[in-house]
Amino acid sequence: MSPRTATAIARGRRRRGLRRRGASALLLTGVVIVFAVSLMVGHTFYGPSEVLRVIGGDTVPGASFTVGELRLPRAMLAVLAGAAFGLGGVTFQTMLRNPLASPDVIGISSGASAAAVVALLVFEVDGPQVPLLAILAALATALVIYVLSFKDGLVGTRLILVGIGVAAMLDSVVAYVIVRAAVWDLQTAMRWLTGSLNAAGWEQVLPLALAGLVAAPVLLAQGRNLDLLQHGDDAAAALGVRVESTRFISIVTAVVLIAFATAAAGPIAFVAFLSGPIAARLVGPGGSLMVPAAMSGAVLVLTADLAGQFAFDARYPVGVITGVLGAPYLVYLLVRTQRAGGSL
Amino acid sequence: MTHAHTLDVRDVTLGYGDRVVVDALDLTVPPGRITVIVGANACGKSTLLRAMARLLTPRSGEVVLDGKDLHRQPTKQIARVLGLLPQSPVAPEGIAVADLVSRGRNPHQGLLSRWTAADDEAVATALRMTNTLDLADRPVDELSGGQRQRAWIALSLAQQTDILLLDEPTTFLDVSHQVDVLDLLTDLNRQRGMTIVMVLHDLNLAARYADHLIAVSAGRLHAAGDPHEVLTSEVVREVFGMDSRVIPDPVSGKPMVLPIGRHHTQPTSIPTNSLSREAVG
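Residues numbered from 1 in each chain as written. Chains lettered and ligands numbered in written order. Predicted model: local features only at pLDDT ≥ 70, side-chain atom pairs only at ≥ 80, totals over all residues.

## Some thoughts on the overall build of chain B
Working step 1: Along chain B, the regular secondary structure elements total 10 helices and 12 strands.
Working step 2: For 281 residues, the compact-globule estimate of 2.2 N^0.38 gives 19 Å, and chain B sits close to it at 20 Å.
Working step 3: Projected onto its principal axes, the C-alpha coordinates of chain B cover approximately 70 × 45 × 35 Å.
Working step 4: Partitioning the contacts of chain B with sequence separation of at least 6, the portion at a separation of at least 24 is 66%. (Helix = DSSP H or I, 4+ residues; strand = E, 2+ residues; numbered from the N terminus. Rg over C-alpha atoms; globule rule 2.2 N^0.38 Å. Contact = placed C-beta atoms within 7 Å.)

## A short note on the pairing of strand 9 (residues 212–217) of chain B
All names here are of chain B.
Working step 1: In the sheet, strand 3 (residues 34–39) pairs with strand 9 via 5 bridges, with the strands oriented parallel. Bridged to Thr35 within strand 9 is His212.
Working step 2: Pairing between strand 9 and strand 10 (residues 220–225): 5 bridges, direction antiparallel. Among the inter-strand pairings, Ile214 is bridged to a residue of strand 10, identified as Ala224. (Pairing = 2+ DSSP bridges.)

## Some thoughts on helix 4 (residues 108–122) of chain A
Residue and element names in this part refer to chain A.
Working step 1: With 15 residues, helix 4 ought to run about 21 Å at 1.5 Å a step, and its terminal C-alpha atoms sit 21 Å apart, in line with that.
Working step 2: Counting buried residues in helix 4 gives 13 out of 15 residues, a clear majority hidden from the surface.
Working step 3: Phi turns positive, to about 50°, at Glu124, one or two residues after helix 4. (Expected span 1.5 Å × (residues − 1). Buried ≥ 20, exposed ≤ 12 C-beta atoms within 10 Å, placed from the backbone.)

## A closer look at the sheet that holds strand 2 (residues 19–29) of chain B
All names here are of chain B.
Working step 1: A sheet is described by the order of its strands in space; here 4 strands give the open sequence 2-1-4-5, paired in antiparallel fashion. At either margin of the open sheet sits one strand with a lone partner, and together these are strand 2 and strand 5 (68–69).
Working step 2: This element, helix 1 (residues 45–52), spans strand 1 (7–16), strand 2 and strand 4 (60–65) of the sheet and lies at about 120° to strand 1. (Axes fitted to C-alpha atoms, helices over the stretch in contact; angles between N-to-C directions.)

## Comments concerning the confidence of the model for chain B
All names here are of chain B.
Working step 1: Counting all residues, the mean pLDDT for chain B is 89, and 93% of those residues have values of 70 or more.
Working step 2: Low confidence marks residues 274–281, where pLDDT is under 50. Its contacts with residues over four positions away, or in another chain, come to 14 contacts.
Working step 3: In the predicted complex, the global pTM is 0.87; the interface-specific ipTM is 0.86. (pLDDT = per-residue confidence, 0-100.)

## Describing the sheet that holds strand 6 (residues 82–85) of chain B
All names here are of chain B.
Working step 1: Taken together, the 6 strands give an open sheet; going across it, the order is 6-7-8-3-9-10, and neighbouring strands pair in mixed fashion. Each end of this open sheet is capped by a strand with a single partner; those strands are strand 6 and strand 10. Recorded for the sheet is a direction-independent mean angle of 15° between the axes of neighbouring strands.
Working step 2: Where strand 6 lies against strand 7 (residues 163–167), 4 bridges are found, and the strand directions are parallel. The residue bridging Leu84 from the neighbouring strand is Leu165, located in strand 7.

## A short note on the confidence of the model for chain A
Working step 1: Overall, the predicted model of chain A reaches an average pLDDT of 88, with 96% of residues at or above 70.
Working step 2: Between the elements of chain A, mean pLDDT differs from a low of 75, seen in helix 7 (residues 183–194) of chain A, to a high of 95, seen in helix 13 (residues 290–310) of chain A.

## A closer look at unusual backbone geometry
Keep in mind that most residues, glycine aside, have a negative phi and that most peptide bonds are trans.
Residues and elements named next belong to chain B.
Working step 1: Phi angles above zero are rare outside glycine, and Ala24 is one such case at about 45°.
Working step 2: Tracing the backbone through its elements, the reader meets Ala24 in strand 2.
Working step 3: By C-beta crowding, Ala24 is classed as partly exposed, having 14 other C-beta atoms within 10 Å.

## Considering helix 11 (residues 243–265) of chain A
Working step 1: The end-to-end C-alpha distance of helix 11 of chain A is 32 Å, a good match for the 33 Å that 23 residues give at a rise of 1.5 Å each.
Working step 2: Positioned one or two residues after helix 11 of chain A, Gly266 of chain A has a phi angle of 80°, which is positive.

## Looking at the packing of helix 3 (residues 63–95) of chain A against helix 12 (residues 271–283) of chain A
Residue and element names in this part refer to chain A.
Working step 1: Closest axis-to-axis distance for the helix 3/helix 12 pair is 7 Å, and the angle between their directions is 75°. In terms of orientation, helix 3 and helix 12 fall into the roughly perpendicular class. Each of Gly82, Phe85, Gly86, Gly88, Gly89, Val90 and Gln93 in helix 3 lies in contact with helix 12, whose residues at this interface are Val271, Ala272, Phe273, Ser275, Gly276 and Ala279.
Working step 2: Across the contact of helix 3 with helix 12, the residue classes break down as 6 nonpolar, 7 polar and no charged. (Parallel < 35°, antiparallel > 145°, perpendicular 65-115°, else oblique. Nonpolar A, V, L, I, M, F, W, Y, C, P; charged D, E, K, R; others polar.)

## Thoughts on the nonpolar core
Working step 1: Among the nonpolar cores identified, the biggest contains 192 residues, and Ala81, Ala84, Ile258 and Phe260 of chain A together with Val101 of chain B are the most heavily contacted of them.
Working step 2: When residues of this core are assigned to their parent elements, the largest contribution, 17 residues, is made by helix 3 of chain A.
Working step 3: Apart from the residues lying within four places of it in its own chain, the contact partners of Val101 of chain B are Val123, Ala126, Leu127, Ala151, Ala154, Leu155 and Ala158 of chain B. (Core = buried A, V, L, I, M, F, W, Y, C linked by C-beta atoms within 7 Å.)

## Regarding the packing of helix 2 (residues 48–56) of chain A against helix 3 of chain A
When two helices pack together, their arrangement is captured by the angle between the axes and the distance separating the axes.
Residues and elements named next belong to chain A.
Working step 1: Axis separation between helix 2 and helix 3 bottoms out at 10 Å; the angle between their running directions is 70°. With respect to each other, helix 2 and helix 3 are oriented roughly perpendicular. When the axes of helix 2 and helix 3 are compared, the crossing they make is right-handed. Across the interface between the two elements, Glu50, Val51 and Val54 from helix 2 touch Ala63, Ser64, Val67 and Gly68 from helix 3.
Working step 2: Considering only residue class, the contact of helix 2 with helix 3 consists of 4 nonpolar, 2 polar and 1 charged. (Left-handed = near helix turned anticlockwise from the far one by under 90°.)

So this is what it looks like as structure tokens:
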């Protein structure tokens, strides 16, 4: 083997790697910039120096409350929820080789919402039990979808169709309960419908941060196996991937992550669904999409929340903005599926 | 290749749900040779190949690699000895050929180990042997069918296994590319001593390229051995339910099957008996 050929191969690999790292660096810059902007901008503008002093622990009249108690937890929650949805979403999309297989399309977020709304409005449960119920319901929903669609192995399209059916059922439960609810309960319940950062506080940020600390490394460790699963189950197994265990670990971890994010911020529409494809466009093919998708999710939620708050006359919850962005893409994917004869 | 690895199927029964597809089958893969499995549609040949690659757990019996039950060996360790190219593997959108082939290095890498010069070397060798070096930076989805199949074979080569199983590697290829792929596999066998086992549909190509031919019928091993012994009109009738004439292939001297359909009467110019007797040897 001539060493020159190997060098040429290595050069091509490094060049493609450079593009991926460049795009990732760009995404990270984006996260930092939008994060900083959302700390500074509001009814009162605070400059970078004031914001930094608040973060550093100084007491700045006015800014300490507005930035420290309102904007910082809100922006943190936006970053964490966006990253969690992005990471959970791209895990599903990679594993099932289909961008439609996102947890918010196949009903896992709907499971969390339905449980929370029923608990809040029907059983009048309140406090930390609600997120806990939402997490359990999301896991149960994932299990139901998995069992219903498993036959001689797992087929992506079947799981997606079963999931869309389950999502429709659960969404109608949410709609029914909300229609029957008393007006004064609606404010809390609405957050479970579209997702909103309006109630963001440190008590929402902390559990999600902890869940992320546990779940993200588990998912990232599965990254290479998930990439190999893209070649098909048999090809992956032939390369030494333990297909069933990879799938089990990834599903459970991604669902837990999505459920914690949903419990903290509501099912912010289509973030899980959009982040992976956005990341794929930016970083290009051939590498793992997990970290770029997490960063895309963070940018998406941060930006959409800023737009929802300040871009229009009325203030809209973040989920309304992401929903407006995500719905056309969903239609586009469905149309493309139709044309391609069912393959994506 | 320092020592030849052995692969045996011992009394294996396979099935999906409550359907038995392969029934108490025994076979030995001759090390360092090309083995081709033929049989009618749904006879269990692809199922058998999946079991030989540990992708399907036998209901009973065992597949034995180097004297040890396949299902008692760590899957990554097996992946360093035995490779499989499935019938229709999927390439992620836009992936470059070299990146695809790189993924064949997975069994040689630990969770934290970095990509090394040896990995680059293995990928370059695999690309060179499959004549895909010029395509290294091209996206797989832009390749022609024949080029794509060579890229997938390169992935299996980057895995550096002694045994390679292939499930119908020539499907969807036109005849020149079929011959191209089979020639490539023969090169790998002759030059590197790779043990090759493949399922093929085309009986005549199977006869040409096989050192060892296995005919499977209804989940059972019908005949196995040298193509000259296995491929007779009797076996073709029993395995495929079709009348045929078997004559020596004027190009390779291997047996060649001429199917006899309902609309074809026996030509009188070629004396049937002398030819088929000659083919049987």
